[in-house]
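What the coordinates show
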Amino acid sequence: MFHLDHDELFLPPPHGLQAHFQHLEAGNCRLCLYQNFEAAPQSHTLTPFLDVSYFKVPSGRVSKTPLGAAGMEFWAQRTKAHNYFLYYDNGKSAVKIPAQGVASRRSEDIAPTSVHVLYPPNNFKARACTVKRVKSAKQKGLQEMNLTWMKACHDEIVVGAKVLHYPATHFERLWRKYHHLGNFPAVRFGGELVVPASFHLEARDEYLKYSDKTTQQEKLKELLERAAFLSDEEVQSQLETGSVVSIDTVRESLRQGVWIPPRQLRPSLFSLLQRRPSKEAMERMQRMRRMPAEVLFEAVGLLKMESLDQGLQKVVEQLETRGWAACHLGLHGCLDARYGLEASQLKPKMSKGATVIENRVVDPTESPNALRGDWTLFMQEQGLTGPKGPAPTLTMLESALTDLGMQLDPRLRRSRLQLRITERCDGMLACYEEGGAYSAHLDNADGDGRVDGRVLTMVMYLNQNWDRRAGGELAIFEPEKGELGDEQVEGKLTWLKWYMVSPEANTLVLLLADRVLHEVRSAYAERYALSMWFCGQHAEYGGS
Ligand SMILES: O=C(O)CCC(=O)C(=O)O
Ligand SMILES: [Fe+2]
């Protein structure tokens, strides 16, 4: 059961509707919340399904980067209430109603709390009917309500399905709406709930300010154009910030009279998993040549602020052509000793590193790619952030790496990789004890099972005066042509090499998390590193 208004459409994922429902069924899902995308027209139209192909991305899906924030702000400053979406931004839910006979309490099975959310009743029904009850539910807290049916799912087959909302595409329609609604109150539930400022109220006020139809229409037209419409240049800039995507499946399907399915965002999970080399391939690879990697900016000594732009550009070029880059960060010399000390002091807090594939911790004996001998600690999870914490230098380093990731974002988007960073993960401090290693692996071979899984890895080494004879190199496997898993490449394994980076303080390695095979060679001394992963998407999100 699903409630859609006349200005909304349901867009199935690229995999098709049947596959989508089968997936929900297999996960025993009874409620699915579909995110809604809001139409951003370029001119007035009474046939928006045919004419509109740009949509605002739900706020939770806009990149948590400076560029993403600029995109949200672009929209916010267009309305008095500083809203991003003009209307609702919380999606709409569909629920599964069990067949008769399966559910004994059929009539009780679903309790709609609004047109947006429908709840299975065991948890909510009794509380959902009146405001008072909703309030007491809030006081009791979600935990007590035992919302076990609530599970997050980021698979493309779920997230790819969406609601397209076309609420404001023509001034005359807008006028008719507010003419019909008239002087509606800004409170609900008899005054208990005050409706916050919004475009909806701004439009009401604009309508009420004037008494003749022509002026009302003129004013609403201005408001609509100011708040919702995009010029060609604005389309381009908002596609860049990621606040807007192009979805032309509906338009094209209507124009051609046949269903044109949306594009798939990334290769199927199956083809991604193919990229995990077999045990035999791995053994062959181990015999490939090994040579020291070039570490960028080592001679310069300092990756100075004034040359940061050039430096980042060089890093992006390397990521484009080789999939990885090693560089010297050139921080002030006194920092090496401090972060080294902080890292070793945190050692007792670390736990054994584990490999997670499809949200499951992998038994290392099961998979040749999961043998790792490190001890790890996640910085924020352990509450280590902030200058007053036990690791101020590492905290600073973590935010510096975050900043680098954010600065790389617009450059990566423009590069041939067309990679968009959407957010960062918690920083991970790792220690390899003497003899510890991590066998060859891809950090994110299965896309993390998400639409926006980890795409970029950064590893910063923390070992002051590292003796190269102690080993512990990061070995990066570089296929000279094509990608790992390509048959052509597999057939020409002799062309391939490993590039070795010594884990010296201030050396930073960047690599594509879902493409570049790498391993940690065993060391004869304790070896520390700080890793950061950035999530993102390979192509424009949600477009179709
Ligand atoms: O410490 C390193 O050199 C890399 C570690 C690594 O590959 C990982 O944690 O995934
Ligand atoms: Fe790794």
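Residues numbered from 1 in each chain as written. Chains lettered and ligands numbered in written order. Predicted model: local features only at pLDDT ≥ 70, side-chain atom pairs only at ≥ 80, totals over all residues. Heavy atoms only, no water.

Database annotation for the protein, UniProt heading Cofactor (unreviewed entry): "L-ascorbate". (UniProt positions renumbered as here; feature names shortened; annotations may be inferred.)

A separate point is the nonpolar core. Counting 65 residues, the largest nonpolar core has Leu394, Leu456, Met458 and Leu462 as the members making the most contacts within it. Judged by nonpolar contacts, the second largest core, of 22 residues, contains Val52, Tyr54, Trp75 and Leu239. (Core = buried A, V, L, I, M, F, W, Y, C linked by side-chain atoms within 4.5 Å. Buried < 20%, exposed > 50% of the residue type's maximum accessible area, 1.4 Å probe, protein only.)

Looking now at the coordination of the iron ion (ligand 2). On the protein side, the iron ion (ligand 2) has His441 (NE2), Asp443 (OD) and His518 (NE2) as donor atoms, found 2.1 to 2.2 Å from it. Taken in sequence order, the residues that donate to the iron ion (ligand 2) follow the motif H-x1-D-x74-H. For histidine 441, a relative accessible area of 5% puts it in the buried group. On the basis of relative accessible area, aspartate 443 is assigned to the buried category, the value being 14%. (Donors = N, O, S within 2.8 Å, 3.2 Å for Na, K, Ca; no water.)

So, on to the side chain of histidine 170. Of note, histidine 170 is situated in the loop between strand 8 (162-165) and helix 7 (171-181). Judged by relative accessible area, histidine 170 falls into the buried class, the value being 11%. Side-chain polar atoms of histidine 170 contact the backbone nitrogen of glutamate 172, separated by 3.0 Å. (Helix = DSSP H or I, 4+ residues; strand = E, 2+ residues; numbered from the N terminus. Polar contact = N/O pair within 3.5 Å; in protein donor to acceptor, adjacent residues only side chain to side chain.)

What follows covers the site of ligand 1. As a structural note, the neighbourhood of ligand 1 is formed by 13 residues, with His441, Asp443, Tyr461, His518 and Arg527 the closest of them. Here histidine 441 contributes a side-chain N or O atom positioned 3.1 Å from an oxygen atom of ligand 1. Between ligand 1 and aspartate 443, the relevant distance is 3.0 Å, taken from an oxygen atom to a side-chain nitrogen or oxygen of the residue. When the free accessible area of ligand 1 is taken as 290 Å², the share hidden by the protein chains comes to 97%. Among the elements of the structure, strand 19 (428-432), strand 20 (438-441), strand 21 (454-461), strand 25 (518-520) and strand 26 (527-537) are those that each provide at least two residues to the shell around ligand 1. In terms of residue count, strand 26 provides more of the shell around ligand 1 than any other element does, 3 residues in total. (Near = heavy atom within 4 Å. Areas by Shrake-Rupley, 256 points an atom, 1.4 Å probe, with all protein chains shown as cover.)

Tracing the sequence through the fold places valine 244 in strand 11 (residues 244-246). Its relative accessible area of 0% is what places valine 244 among the buried residues. Spatially, the C-alpha atoms of valine 244 and glycine 71 are 8.4 Å apart, while their sequence positions differ by 173 residues. Those residues in contact with valine 244 that sit more than four places away from it in its chain are Tyr54, Phe55, Lys56, Val57, Trp75, Leu230, Gln238 and Leu239. (Contact = heavy atoms within 4.5 Å.)

As a further point, take the packing of helix 14 (residues 308-322) against helix 16 (residues 392-414). Interhelical geometry of helix 14 versus helix 16 gives an angle of 65 degrees and a closest axis separation of 10 Å. When you trace helix 14 past helix 16, the crossing you get is right-handed. For the pair helix 14 and helix 16, contact is made by Leu308, Asp309, Leu312, Gln313, Val315, Val316 and Leu319 and by Leu404, Gln407, Leu408, Arg411 and Leu412, respectively. Per-class residue counts for the contact of helix 14 with helix 16 are 8 nonpolar, 2 polar and 2 charged. (Axes fitted to C-alpha atoms, helices over the stretch in contact; angles between N-to-C directions. Left-handed = near helix turned anticlockwise from the far one by under 90°. Nonpolar A, V, L, I, M, F, W, Y, C, P; charged D, E, K, R; others polar.)

The next point concerns the packing of helix 3 (residues 66-76) against helix 10 (residues 232-241). Orientation of helix 3 relative to helix 10, taken along the N-to-C sense of each, is 140 degrees, at an axis distance of 8 Å. Relative to helix 10, the element helix 3 lies oblique. Residues Leu67, Gly68, Gly71, Phe74 and Trp75 of helix 3 form the contact with helix 10, whose own contacting residues are Glu234, Gln238, Glu240 and Thr241. Each residue belonging to the contact of helix 3 with helix 10 can be placed in one class, and the counts come to 3 nonpolar, 4 polar and 2 charged. (Parallel < 35°, antiparallel > 145°, perpendicular 65-115°, else oblique.)

One pass over the full model with this rule turns up 22 salt bridges. Linking aspartate 5 and lysine 92 is a salt bridge whose minimum nitrogen-to-oxygen distance equals 3.5 Å. In this pair, aspartate 5 sits in the segment before strand 1 (8-11) while lysine 92 sits in strand 5 (residues 92-95), placing the two residues 87 residues apart along the sequence. With its nearest N and O atoms 3.0 Å apart, the salt bridge here joins arginine 424 to glutamate 398. Highlighted residues: arginine 424 in strand 18 (residues 420-424) and glutamate 398 in helix 16, separated in sequence by 26 residues. (Salt bridge = Lys/Arg side-chain N within 4 Å of Asp/Glu carboxyl O.)

Attention shifts here to the sheet that holds strand 1. The 5 strands lie next to each other as 1-8-3-4-11, forming an open sheet whose pairing is mixed. Where the open sheet ends on each side, the last strands, each with one partner, are strand 1 and strand 11. For this sheet, the mean inter-axis angle between neighbouring strands, taken without regard to orientation, is 35 degrees. Bridge count between strand 4 (residues 54-56) and strand 11: 3 bridges; the pairing is antiparallel. (Pairing = 2+ DSSP bridges.)

Note on placement: alanine 161 falls in the loop between helix 6 (156-159) and strand 8. For alanine 161, a relative accessible area of 2% puts it in the buried group. Residues alanine 161 and leucine 11, 150 residues apart in the sequence, show an inter-C-alpha distance of 5.5 Å. With near-sequence residues (within four places) excluded, alanine 161 lies in contact with Phe10, Leu11, Pro12, Pro13, His20, Tyr34 and Glu156.

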